[in-house]
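The lines below spell out each chain.
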Amino acid sequence: MIVCKEQSGIFTLHTRRTTYQMKVNRYGVLLHTYYGPRVRDCDLSGLIRQADRSFSPNPDEAGSDRSFSLDTAPQEYSTCGVGDFRLSSVEFELPNGSHATDFRYAGCRTERGKYALEGLPAFYGEDGETLVIILEDAAAHAAIELYYGVLEEFDLITRAVRVVNRGSETLRLCRCASLCLDFLRADMDFITFDGRHAAERCLNRAPLRPGVQSADSVRGASSHQHNPFVILCDGDAGEDHGLCYGVMLLYSGNFLAAAERDQFENSRLVMGIHPRHFCWSLAPGESFTAPEAAMVCSPDGFGEMSRQFHRAIRTSLIRDGRSRQRKPVLVNNWEATYFDFDTEKLLSIAREAAALGVELFVLDDGWFGARSDDSRGLGDWQVNTDKLPGGLESLVPRLHALGMSFGIWVEPEMVNEDSELYRAHPDWVLQTPGRAPARGRGQLALDFSRREVRDHVYGQLRQVLSSAPVSYVKWDMNRSLTDVWSAALPPARQGEVYHRYVLGVYDILERLRRDYPDILLEGCCGGGGRFDGGMLYYTPQIWCSDNTDAIDRLRIQYGTSFCYPVCAMGAHVSAVPNEQNGRITPLAARGIAAMSGAFGYEMDLGRCTAEEKEEIRRQIATCKAHWELFHWGDYYRLTGSSGPFTAWEQVSPDRRQAVVSLVSGGAQAAPPFLNLKLKGLDPAREYRMSDGGVMGGDVLMSAGYPLPPFRGDYQSMQLFLEAVE
Ligand code: GLA
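Draft legend 1. Inspection of the sheet that holds strand 31 (residues 645-651) at higher detail. Spatial strand order, 30-31-32-37-34-35: 6 strands in an open sheet with antiparallel pairing. In this open sheet, the two strands that pair with only one neighbour each are strand 30 (634-637) and strand 35 (694-696). In this sheet, neighbouring strand axes are inclined to one another by 25° on average, regardless of whether the strands run parallel or antiparallel. Pairing between strand 34 (residues 686-689) and strand 37 (residues 716-723): 3 bridges, direction antiparallel. Following the sheet pairing, Met689 is matched in strand 37 by Leu721. Lying on the sheet, helix 10 (residues 587-595) is in contact with strand 31, strand 32 (657-664) and strand 37; it crosses strand 37 at an angle near 50°.

Draft legend 2. Examining unusual backbone geometry more closely. For the bond running from Val576 to Pro577, omega is -10°, close enough to zero to count as cis. For Pro577, the location among the structural elements is in the loop between strand 28 (569-574) and helix 10. One non-glycine residue, Arg655, adopts positive backbone phi at about 65°. Along the chain, the position of Arg655 falls in the loop between strand 31 and strand 32. On the accessibility criterion, Arg655 (35% relative accessible area) is partly exposed. Phi is positive for Ala670, which is not a glycine, with a value near 45°. Along the chain, the position of Ala670 falls in the loop between strand 32 and strand 33 (675-676).

Draft legend 3. Structural detail: the sheet that holds strand 1 (residues 2-5). Pairing within the open sheet is antiparallel, and its 4 strands lie in the order 1-2-3-4. Each edge of the sheet is formed by a strand with only one pairing partner; in this case those strands are strand 1 and strand 4 (30-37). Strand-to-strand twist in this sheet, taken as the mean axis angle between neighbours without regard to direction, amounts to 10°. Where strand 2 (residues 10-14) and strand 3 (residues 18-24) come together, 5 bridges link them in antiparallel fashion.

Draft legend 4. Looking closely at the nonpolar core. Ranked by size, the top nonpolar core spans 202 residues in total, and within it Met248, Trp367 and Tyr601 carry the most contacts. The biggest single contributor to this core is helix 7 (residues 497-515), with 9 residues. Among the nonpolar cores identified, the runner-up in size contains 22 residues, and Leu638, Leu676, Met695 and Leu707 belong to it.

What counts, and at which threshold
In this convention, every chain numbers its residues from 1, walking through the sequence in written order. Where local features are concerned, this predicted model is filtered to residues with pLDDT of at least 70; where side-chain atom pairs are given and counted, the filter is 80 or more; whole-chain, interface and lining totals use all residues. Computation of side-chain values: all heavy atoms of the structure, hydrogens and water removed. Pairing between strands is defined by DSSP: at least two bridges between the two strands are required. Starting at the N terminus, helices and strands are each numbered in turn, a helix being any DSSP run of H or I of at least four residues and a strand any DSSP run of E of at least two. Here an angle of 0 to 180 degrees is reported between the N-to-C directions of two axes, which are lines fitted to C-alpha atoms, with helices fitted over the stretch in contact. We call two residues in contact when some of their heavy atoms are within 4.5 Å. A simple rule labels every residue: compare its accessible area, found with a 1.4 Å probe on the protein chains alone, to the largest value its type can have, and call it buried under 20%, exposed over 50%, or partly exposed in between. Think of a nonpolar core as a cluster: buried Ala, Val, Leu, Ile, Met, Phe, Trp, Tyr and Cys residues, connected wherever their side-chain atoms sit within 4.5 Å.

Purely spatial values, then, with no claim about function.
Dropping the structure here:
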């Protein structure tokens, strides 16, 4: 609910359980008064107290009032150069060389439904509401529109920012955050999700210390190293208690999430496109829209915050009801064959898989151009008929005959120098004049900021997709961007290329979605290097990590689950010893780890023993029978990911069904007997369990479920619960 009191300049957003408020002060500055658990409708600006502070300047309008300073006031969208020395949200380079910005309140409007952003990902919802607050900077001749979207039942508030040049000269916008969030406290922890290739989204938590701390990416993608999702929370917040604020940026390129604890024990979070390498020229009348950010505040710890993000992402970000449909169980040939395959080899993998219940065959890298290894062929999206005589036209019907649908891997943003595309258009890659571009995995990046480049690539993709019925596309991106300079833009506009590249990727993904609405898209960037809310708007699932080891995956999927729902995490069972780390884990543990994800196999199932095949058949049947519980159930983390075992649980929204999954670590001699406390059940009901027992919901949650002793490494348990009628 949006309560807009224009007279008193108070704007209050209420969600089911939270309240967010801003107020225009006597000088027209838009102050942030409150964000937290829901409170009654009232003026909360009394919480803001200010005094004359040395070295905190006072704006001209304040006259002799030395108590007001931008340096000490909590602001809704921070400015720079005129008194606020903390993190800035917006900065220009004005025609006169000044960088100062100073925005004051100029008006507001409300809209029914949640706003959309052209060319950018955004939450949607007809039931949502929109508030737009307009600010103006008279000296800069610029206006800012602050967008707020309210999706009440998910406790989700979205933000976006549009900057308009109202003057007669070009403005250079060199910083434009999507969100600024001020707190009248600094006793909070800052949580980020960091890592590297094959070890993404590891939770890191530390108290805010004086100064600025941040998570960011300047790699052109949101990156394996940091994620555009962060949390600020009470120092003692845990899964089920404590106040926490989760903030995600729906963006897949360079980003900065910076938190600052200031001199007076206040704090500020600013999140948006990374200002490094960014500068956007705004001609008179033009506008720039910063990507959307979304916040969930939970008064009851991380668990509820995550569940609200999951619900919102499943219902109002992933499109076309995709998260509502059961995903086909797939087999992907990558780890089974790498580049070395022919039709027979693929069909033999498919045959074995189909017999066990697999429904979709995904042909990974190596099917096109002269792609015999990863140094050639990227850019030539025509079938390599030496490997696949007769092309897809011949392969796909044979898969269909086995009862399988067909999916294909592409990496449209990239090119190898050894390719027809590069030989024809060497000037289409990102490169700086006079400097040979750096290679990543032996490849260069195409300049996706250019329309003609995108059109060409899309034309090639269309040919592939119309040559045979394709029901799934895995869109990969296997290097970080360097040498980001576009031949299509003048020197003064080179600071636009990173963002235009991302807009270009979104443009093609949107075209794919529009032209092939039945194709299921999976995002990928060397696994989880572009796992963000921006991609999820276009690709309902993302390959979570190139690391398919079940034990490493427990940690990666645990970190990922703080923001993103399990239905969005591509997760496959692969062969042992694991390709990435050499670990040997039981098939059962691999199945359980992957089942809380978009499930599939990444191995030659023909190499399995009869016993293993039987187990795989059971895994697939379980996954199909309970997909709704796995993907739409409320997700509870029952443990962390570094203890003797990792456990989690999904509970159906009506609390009649639940599944508990557990995977233990290394073997222990004389292990202690442990009782695992479940969550989210109905305390009044009794539950029949798949181990044959019956226990009360209250008992399972308060006293726990007696775990069997585990013998050996990486043991696992999957327990289904059904309410007794
Ligand atoms: C990336 C992906 C893998 C696989 C390879 C193919 O690394 O993450 O799953 O598709 O590319 O080259």
